[in-house]
Amino acid sequence: MTLLKGKKVLLGITGGIAAYKSIELVRLLKKAEAHVQVVLTKGALAFVTPMTLQAVSGLPVRTSLLDPEAEAGMGHIELAKWADVILIAPASADFIARQTAGMADDLLTTLCLATESPVLIAPAMNQAMWKHPATQTNLRTLLERKVHTIGPDSGAQACGDVGYGRMSEPLDIYNYLNNFLSPSKELQPLAGQHWVITAGPTMEAIDPVRFISNHSSGKMGYTLADAAAKLGAKVTLISGPVSLTAPDNTHKIDILSALDMLAACKNVSQKSPIDVFIGAAAVADFRVEEVATQKMKKQKDTDDMQLNLVKNPDIIANVVSESMAKFVVGFAAETQNVIAYAQEKLAKKGLDLIVANDVSRKDIGFNQDQNEVTVVGKDTTWSPDKADKTQLADLLVNFIMQYKN
Ligand code: C5P
């Protein structure tokens, strides 16, 4: 069933060889009985003609912001309001940069600024341009502004290079848009995915009344669980002892020690394959080698006591090495050299992403409502502004959702 019937799609085409594929995209949209208004940038005119796109879309193509005749028909603000969705395919590196900068120096950038409807972009460019930090930083910014990215695909490029940067196939873009417009999918893009999130401290017993633990409140893990569940994921929260209630629509497993947490992770992964694993728990690095079965008593003649500690298993490293999850995200709480240590941990534990924060700061992190983090991946770093943990959790879940695709 197509949800595109009667939908008003504003299709922006920017300058790139992939522009020729957009003719097919218009055909698919029209076949689904969508109304398609095409806008070409100056760059696009070098690759496709307004005449062709008018023929397939059935509407005069718009190319200029300052065209009195076209503006008399439907002014650009009116056009921005007309669109149920703006789809830009292909979106060139240059267009993405101008969109990120909030430019309004041509019709398409102006429409992106003036619209209150969702904006989806299908990037297409040379693989080196795609990988360039400038492009990646622009995409992160657009992501924060809730612009959706479709693709790009990897493969042979028109320039002879091989890598990421090919525009997604028209049918894939069409299917993405169709899915996106489904009311349930729009709100639930993680439907069908299983996310497992560890949260809180672990509690390592010394004897029946004493333990070793840490200050983790569990807030970050719980807000992440909430954010993922709200987007439709099936969420398992494996939590150490905290004073928080499990978010709606999540399944909570309570544990105390690191060994319990590892066993719970294994158990969960065997029952239901894990798409995304986020280790937000502050797992104790050591546990007492032999837990006393009775309360330990003060010794009359000694002023000190020795506890022999042994290393706990690294849970997240086990999740990676035993392939318990398809995509694994860790947290790195550091007090110095935050990014460098995070990069080291990313590689050592074999993670896909690591979220690093500076726990020496009193205003963020442990037990605080706010956090400021840097997300580090093999070829990416992203530092959203300091924000409430709930807001940050939404951003992180969105980031993970898009990054892992
Ligand atoms: O090594 P460090 O504790 O700094 O690494 C932090 C990341 O590793 C976090 O994601 C944490 O949940 C995870 N971790 C773990 N098991 C441990 C120690 C840390 O899963 N024993």
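Scoring rules and cut-offs
Residues numbered from 1 in each chain as written. Predicted model: local features only at pLDDT ≥ 70, side-chain atom pairs only at ≥ 80, totals over all residues. Heavy atoms only, no water. Helix = DSSP H or I, 4+ residues; strand = E, 2+ residues; numbered from the N terminus. Salt bridge = Lys/Arg side-chain N within 4 Å of Asp/Glu carboxyl O. Buried < 20%, exposed > 50% of the residue type's maximum accessible area, 1.4 Å probe, protein only.

Draft legend 1. Structural detail: unusual backbone geometry. Look at the link from Ala-89 to Pro-90: it is a cis peptide, with omega at -5 degrees. Assignment of secondary structure puts Pro-90 in strand 3 (residues 85-91). The linkage connecting Gly-151 with the following residue, Pro-152, adopts the cis geometry, with an omega of 5 degrees. Here the phi dihedral of Glu-33 falls at roughly 65 degrees; this positive angle occurs in a residue that is not glycine. If you trace the backbone, Glu-33 turns up in the loop between helix 1 (21-31) and strand 2 (35-40).

Draft legend 2. Representation of the pattern of salt bridges within the structure. Taken as a whole, this structure holds 15 salt bridges when the rule is applied. The partner of Glu-24 in a salt bridge is Arg-27, with the nearest N and O atoms 3.0 Å apart. With a gap of three residues between them, Glu-24 and Arg-27 both fall in helix 1, about one helical turn apart. The partly exposed category is assigned to Glu-24, whose relative accessible area is 31%. Residue classification places Arg-27 among the partly exposed residues on the basis of a relative accessible area of 41%. When the shortest N-O distance is used, the salt bridge between Arg-166 and Glu-169 registers 3.5 Å. With a relative accessible area of 29%, Arg-166 lands in the partly exposed category. The class of Glu-169 is partly exposed, set by a relative accessible area of 32%.

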